[in-house]
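# Topology and contacts: notes
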Amino acid sequence: MIGRREFVRNSVVGAGCLLFSRAPLFAGADPAASDSRIEVLLAEPLGTISPNIYGHFAENLGGVIYDGIWVGENSKVPNVNGIRKELVEEMRKIKAPVVRYPGGCFADSYDWRDGIGPAEKRPRRTNFWEQVESATGPANHKYDPNQFGTNEFVRFCKLIGSQPYIAANVRSLPAESFYQWVEYCNSPAGSTTLADARASSGYAEPFGVRFWGVGNESWGCGGNFTAQEYAVEFRRYTTWVPRYGQELSFIASGPNDDSWDWTRGFLEEIVRKGPGQLRSIYGLALHYYAWNLSRGRTKDWNEGKGDALKFDSLDWYELLRQGDVMESLINGHWQVMGEFDHEHSIKLVVDEWGPWYRPGSEATPDDILEQTPTLRDAVFSGMTLDTFNRHPEKVAMANCAQLINCLNSLYLAHEDKFCVTPVGHVFAMYAAHQGGQGLRTIFSSPSVNYDRDGKTASFWGLKGSASLHDKEKELVLTVVNPHVSEAREAEIGVRGASLRSGSATTLTHSDIHAHNTFEQRDVVAPQTKTLDFKGRGLAYSFPPASVTKLVLTLG
Ligand code: AHR
């Protein structure tokens, strides 16, 4: 029996616009019609929602980079300097704030020097994931042609308006190499030999990379360290890295799901050298995948997984239960961090999250770790983003795993075929929260009750998050209804303001398995309607199995 930790350690070594325009609500709506209530508390701000919570992750794995992002300058696929044009256009729409690259496990096997300089002179290397690749998989997924390196990654980020977040190799390269990667990216034009090397590829001006991951999953594929051993490496790798006037934010490899011992052991060892050491850490990376849909029958990494497309309502709720664990992980790790970092200067960076299913639903056969996201994954993603929004003081960044052709993809692509998945639509909807002031919001709704192997299980009825924008004139409220078949009608009120106008955007479908494909790209797509009401509140019917965004103008 193997678990995820062993896998990564060993693998490869290791309607509702039924807008009820019935006015006024809290004061006068027909309470008999509404079974739920949502109350936004204007006077209880939670903190600013970092745009980086809406971040992405692109690893050199399977079809993510080659085919997904990079098609090459001479490709018949429309591209911008080799980068898939349709992807660029879509990512601009979602205000993509930050992209993590090149891994993942790949990061701790990668030498950044292989990916710079003239493309035709770059070496071909064995990809970290080669042992997982099928015999019939494309060569450029097994053997890295290094056509997409640091320059191309930063160019991609600039095209989509994102900041780069680079994960450095701690397992197989020395600290000097990390230092020099920073030098290559950030040293001023004409200042160093590496700045000249950058300029000779057409990039005289520094890239200004702020976010640097110091290894990845260092408890597993990133070196099999103990937390204490890794803390020593972290201190060494981050001591006196050149700044060039650029703020550097170092992100430490953090725990896998509920590994409280990793968080505690790492910080305990960091502060052994004095509490001032905490200041070198911007964030602690938390990884959490929802993969075990066995309802407690096994902890085996392979046996426990479910199918991405073939599932029943029990599997639907099981995935959401798994996803709901995120909130307790954020709170739990935050509490442990506070034992050492009393000021809470270190934030959580959830730089890998999403559902992980067994193989079988790949849009492109042979793409490893690729799966087809359905409406279930959209609901899961909305729920997860709401969770991050509810903890803006704790979560500084999050990166959905992964951007394209892998796990909880926003996009699927192969050659000239492309589609936005239901997850991609959720990111487009939730972009409205970026940079807003998070507000405490109370959701009261009947629980979903269902039979879970002979026992009644329950799950919350409605949940979401709210943020305030535009000089406190606009409220964004996102709400998930997890029930597979029942709508929930809620009275919505904002304590401290009245509602003047607004719109509702809903993502749902009558079939919980609904998903988009290359041939049918718009099976699951958001629908927007204008709300028309007067008075202090409104009633809104949230359709079953849905994610809804309400944008409301306050009076
Ligand atoms: O996202 C796929 C893999 O999952 C990443 O490479 C690794 O960090 C994690 O275990």
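This report concerns the structure included in the present document. (Residues numbered from 1 in each chain as written. Predicted model: local features only at pLDDT ≥ 70, side-chain atom pairs only at ≥ 80, totals over all residues. Heavy atoms only, no water.)

Time to look at the nonpolar core. Judged by nonpolar contacts, the single largest core of 133 residues is most densely connected at Ile-69, Trp-212, Phe-266, Trp-353, Phe-388 and Tyr-411. If we ignore the near neighbours within four places in the chain, the residues touching Phe-266 are Ala-227, Tyr-230, Ala-231, Phe-234, Ala-252, Ile-281 and Leu-284. Counting residues in hydrophobic clusters, the runner-up holds 24 residues, among them Ile-38, Val-40, Phe-533 and Leu-552. (Core = buried A, V, L, I, M, F, W, Y, C linked by side-chain atoms within 4.5 Å. Buried < 20%, exposed > 50% of the residue type's maximum accessible area, 1.4 Å probe, protein only. Contact = heavy atoms within 4.5 Å.)

Going through the model one piece at a time under the given rule, you end up with 32 aromatic pairs. Seen from the ring of Phe-207, Arg-198 lies directly overhead, with NZ or CZ sitting 6.0 Å from the centre. Over the face of the ring belonging to Trp-301 we find Lys-305, whose NZ or CZ atom lies 4.1 Å from the ring centre. (Phe/Tyr/Trp six-rings, centres within 6.5 Å; stacked < 30°, edge-to-face > 60°. Lys NZ or Arg CZ within 6 Å of the ring centre and 35° of its normal.)

So, about the sheet that holds strand β6 (residues 98-101). One closed barrel holds the eight strands; their spatial order is β3-β6-β9-β10-β11-β12-β13-β14, and the pairing between them is parallel. Neighbour to neighbour, the strand axes of the sheet diverge by 25 degrees on average, direction disregarded. Bridging between strand β3 (residues 55-57) and β6 involves two bridges; their strand directions are parallel. Within the sheet, the bridge partner assigned to His-56 lies in β6 and is Val-99. (Pairing = 2+ DSSP bridges. Helix = DSSP H or I, 4+ residues; strand = E, 2+ residues; numbered from the N terminus. Axes fitted to C-alpha atoms, helices over the stretch in contact; angles between N-to-C directions.)

Turning to the pairing of strand β17 (residues 437-444), a few remarks are in order. On a regular strand, one side chain projects to one face of the sheet and the next to the other, so that they alternate. Of the pairings in the sheet, the one linking strand β2 (residues 36-48) to β17 comprises seven bridges and is antiparallel in character. Each bridged residue has a counterpart across the sheet, and for Gly-47 the counterpart in β17 is Gly-438. Direction of pairing for β17 relative to strand β20 (residues 463-469): antiparallel, over a ladder of three bridges. Bridge pairing in β20 links Gly-438 to Ser-467.

This part is about unusual backbone geometry. Residue Pro-102 follows Tyr-101 across a cis peptide bond; omega there is 5 degrees. Of note, the amide linkage connecting Ala-401 to Gln-402 takes the cis form, showing an omega dihedral of -10 degrees. Looking at the element boundaries, Gln-402 is found in the loop between β14 (395-401) and β15 (411-414). At Asp-366, a residue that is not glycine, the phi angle is positive and equals roughly 90 degrees.

The tally for this structure, following the rule as stated, stands at one disulfide. Cys-185 carries a free sulfur, and the closest cysteine sulfur to it, the one in Cys-157, is 11 Å from it. For Cys-185, a relative accessible area of 0% gives the class buried. With no disulfide partner, Cys-400 has as its closest neighbouring cysteine sulfur the one in Cys-406, 9.9 Å distant. (Disulfide = S-S within 2.5 Å.)

Note that side chains of opposite charge can pair when their charged atoms are close. In this structure the tally under the stated criterion is 25 salt bridges. Between Lys-93 and Glu-90 there is a salt bridge, with its nearest N and O atoms 3.0 Å apart. Of this pair, Lys-93 and Glu-90 both sit in helix α2 (residues 85-93), three residues apart, roughly one helical turn. Its relative accessible area of 16% is what places Glu-90 among the buried residues. (Salt bridge = Lys/Arg side-chain N within 4 Å of Asp/Glu carboxyl O.)

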